[in-house]
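Analysis of the macromolecular model
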Amino acid sequence: MVQKLDDTARAGLATALPAWRLAEGRDAITRGFRFRDFSEAWGFMTRVALLAETQDHHPEWSNVWNRVEILLSTHDAGGLSERDLRLAKAIDALV
């Protein structure tokens, strides 16, 4: 079973993932991305989907034209877990 992040791990979120922020009203992290156009945004989403599948993690996200919003939370843990941090770091490596 996946465990929620403890207080020590949560305290280091801003340093470990500076581009991500805590989602308001949710035990999750979120980040927005902007691209040149829809095609570039869609390509990014495809790469993230392949990453997420290999990590057995599936983000909540939305796409409007050149913008992609991603929210990460581990439903099995009932909130943020190490699984979310691992996927966020992998996503950051794509951009």
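An unreviewed UniProt entry lists the protein chain under the name Putative pterin-4-alpha-carbinolamine dehydratase, with Plastoroseomonas hellenica given as the organism. The UniProt entry for the protein chain carries this comment under Sequence similarities (unreviewed entry): "Belongs to the pterin-4-alpha-carbinolamine dehydratase family."

When its secondary structure is counted, the protein chain shows 4 helices and 4 strands. Against the globule reference of 12 Å for 95 residues, the protein chain gives a C-alpha radius of gyration of 13 Å, in line with a compact fold. Counting only C-alpha atoms and orienting by the principal axes, one finds that the protein chain spans roughly 40 × 25 × 25 Å. Considering the protein chain as a whole, with its 95 residues, one finds that 39% of them fall into the buried category. At a minimum sequence separation of 6, the contacts of the protein chain that also span at least 24 residues come to 64%. Carbon and sulfur atoms provide 53% of the accessible area of the protein chain, an area that totals close to 5,700 Å². Positive and negative side-chain charges in the protein chain, numbering 12 and 14 respectively, have mean positions lying 5 Å apart.

Thresholds, definitions, all that
- Residues numbered from 1 in each chain as written.
- Predicted model: local features only at pLDDT ≥ 70, side-chain atom pairs only at ≥ 80, totals over all residues.
- Heavy atoms only, no water.
- UniProt positions renumbered as here; feature names shortened; annotations may be inferred.
- Helix = DSSP H or I, 4+ residues; strand = E, 2+ residues; numbered from the N terminus.
- Rg over C-alpha atoms; globule rule 2.2 N^0.38 Å.
- Buried < 20%, exposed > 50% of the residue type's maximum accessible area, 1.4 Å probe, protein only.
- Contact = heavy atoms within 4.5 Å.
- Areas by Shrake-Rupley, 256 points an atom, 1.4 Å probe, with all protein chains shown as cover.
- Lys, Arg positive; Asp, Glu negative; His and termini not counted.
- Charge placed at Lys NZ, Arg CZ, Asp CG, Glu CD.

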